[in-house]
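# Examination of the molecular architecture
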Amino acid sequence: MKINDKQPTIIEFKKNEVKTLEHISTRATMFKELPSLFDKIQQAYYDNKALLTKTTGDFILHIDFEMEVQDAPHTVLLGANVTGNYSLCSYFLAITGKNDLKKELIRKFHFDYALPPAPGANIKQPSPIYHLQYGGKPTPEMGNLEITDNLMEHWLSLPRLNFSPVNIALLLDTLLCELRTDKTKKIIENPEWRSLVYKNEMFLSNHYFENIRSHINSGNYNNKCLVRDYCYGN
């Protein structure tokens, strides 16, 4: 069994993302403290809702909104790019600076699901199938917002750190928990929000951790196939 066995099919995955956006879009009261975030999520739902009935198509999302981060206003951005049959499955979370740096990226994290390369493929260095990466180039949408990345060395693509699978619900929950304010606390402690996160943990996280546990309890777990080897797809 591989680390990504039981990964939802691409159709299931994309439909679940749209259902998450739909779920949030019908709960304006939950996001009344962050109306600009709610508006962007609602627009993302309308942009992607055709995936609920289609078997093809890409899930593309780009959200930017203002919120308080460590007692100062910042622009926070998050996005997703899920194309083909997992040919690309990448999410990001980014923050711009404050005052004179409000158009400058100061943090940007990618969360990727990267399928293992084909046998014999020429790759520079393997990476964990599910990984976190700091940096990366600005998106075209950031360029449209005149956001630059002069403070970041986006050319460096390493390290790629092992990380559990991410989708939009889990990424939003991470954002709201880590950039915590009185406003975000009202959302993350809302029973309906916690139920949404639980549903997505069962949909995506549960299989990932079950697979790791199964590997540890199997005869394949030894000094030739450590947990970290398993996470690289071995």
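Below is a short write-up of the structure. (Residues numbered from 1 in each chain as written. Predicted model: local features only at pLDDT ≥ 70, side-chain atom pairs only at ≥ 80, totals over all residues. Heavy atoms only, no water.)

## Digging into the pattern of salt bridges
Overall, the coordinates contain five salt bridges when judged by the stated rule. A salt bridge links Arg228 to Asp229, with the nearest nitrogen and oxygen atoms 3.0 Å apart. The class of Arg228 is exposed, set by a relative accessible area of 54%. (Salt bridge = Lys/Arg side-chain N within 4 Å of Asp/Glu carboxyl O. Buried < 20%, exposed > 50% of the residue type's maximum accessible area, 1.4 Å probe, protein only.)

## Section: the nonpolar core
Counting residues in hydrophobic clusters, the biggest one holds 53 residues, and the most contacted among them are Phe31, Phe59, Tyr91, Leu175 and Trp193. Discounting chain neighbours no more than four positions away, the residues touching Phe31 are Ile24, Leu37, Phe38, Ile41, Ile187 and Trp193. Counting seven residues, the second-largest nonpolar core is a separate cluster that includes Phe92, Ala94, Met142 and Met152. (Core = buried A, V, L, I, M, F, W, Y, C linked by side-chain atoms within 4.5 Å. Contact = heavy atoms within 4.5 Å.)

## Quick look at a nonpolar patch on the surface
The grouping of Trp155, Leu156 and Leu158 at the surface amounts to a nonpolar patch, some 330 Å² of accessible area in total. Positionally, Trp155 belongs in the loop between helix H3 (140-144) and strand S6 (160-162). (Patch = residues over 30% accessible without salt bridge, like charges linked within 9 Å, V, L, I, M, F, W, Y side chains within 5 Å. Areas by Shrake-Rupley, 256 points an atom, 1.4 Å probe, with all protein chains shown as cover. Helix = DSSP H or I, 4+ residues; strand = E, 2+ residues; numbered from the N terminus.)

## Some thoughts on the packing of aromatic side chains
Counted according to the given criterion, the structure contains nine aromatic pairs. Both rings, one in Tyr113 and one in Tyr130, keep their centres 4.9 Å apart while their planes meet at 15°; by these two values the pair is stacked. Within this pair, whereas Tyr113 is found in strand S4 (residues 105-113), its partner Tyr130 is found in strand S5 (residues 130-134), the two being separated by 17 residues in sequence. Across the pair, Tyr130 and Tyr113 agree in class, each one buried. Through a chain of ring-to-ring contacts, three or more aromatic side chains come together here, namely Phe13, Tyr86, Tyr113, Tyr130, Tyr208 and Phe209. Above the face of the Phe92 ring, Lys108 is positioned so that its terminal group lies 5.2 Å from the ring centre. (Phe/Tyr/Trp six-rings, centres within 6.5 Å; stacked < 30°, edge-to-face > 60°. Lys NZ or Arg CZ within 6 Å of the ring centre and 35° of its normal.)

## Focus on the layout of surface pockets
Counted as a void, the largest pocket has a volume near 870 Å³. When residues of the lining of the largest pocket are traced back to their parent elements, those giving at least two are strand S1 (59-69), strand S2 (72-83), strand S3 (88-96), S4, S5 and H3. It is S3 that provides the largest number of residues to the lining of the largest pocket, a total of five residues. When the residues that make up the lining of the largest pocket are grouped by side-chain class, the tally is 21 nonpolar, 14 polar and six charged. Secondary-structure elements contributing two or more residues to the lining of the second largest pocket are S1, S2, S3, S4 and helix H4 (168-178). Broken down by element, the residue count for the lining of the second largest pocket peaks at four residues, all from S4. Broken down by class, the residue content of the lining of the second largest pocket amounts to eight nonpolar, four polar and six charged. (1 Å grid on protein atoms, 1.4 Å probe; cavity = no way out; pocket = protein on both sides within 12 Å on 5 of 7 lines; lining within 4 Å. Points joined across faces, edges and corners; volume = space filled by probe spheres on them. Nonpolar A, V, L, I, M, F, W, Y, C, P; charged D, E, K, R; others polar.)

## Considerations on H4
With eight of its eleven residues buried, H4 lies for the most part within the structure. Every buried residue of H4 is listed here: Ile168, Ala169, Leu170, Leu171, Leu172, Asp173, Leu175 and Leu176.

## A few points about the sheet that holds S5
Strands sit in the order S1-S2-S3-S4-S5-S6 across an open sheet of six strands; the sheet is antiparallel. A single partner strand is all that each edge strand has here, and the edge strands are S1 and S6. With direction set aside, neighbouring strand axes in the sheet form an average angle of 20°. On the sheet, H4 packs against S1, S2, S3 and S4 and is oriented at approximately 165° with respect to S2. (Pairing = 2+ DSSP bridges. Axes fitted to C-alpha atoms, helices over the stretch in contact; angles between N-to-C directions.)

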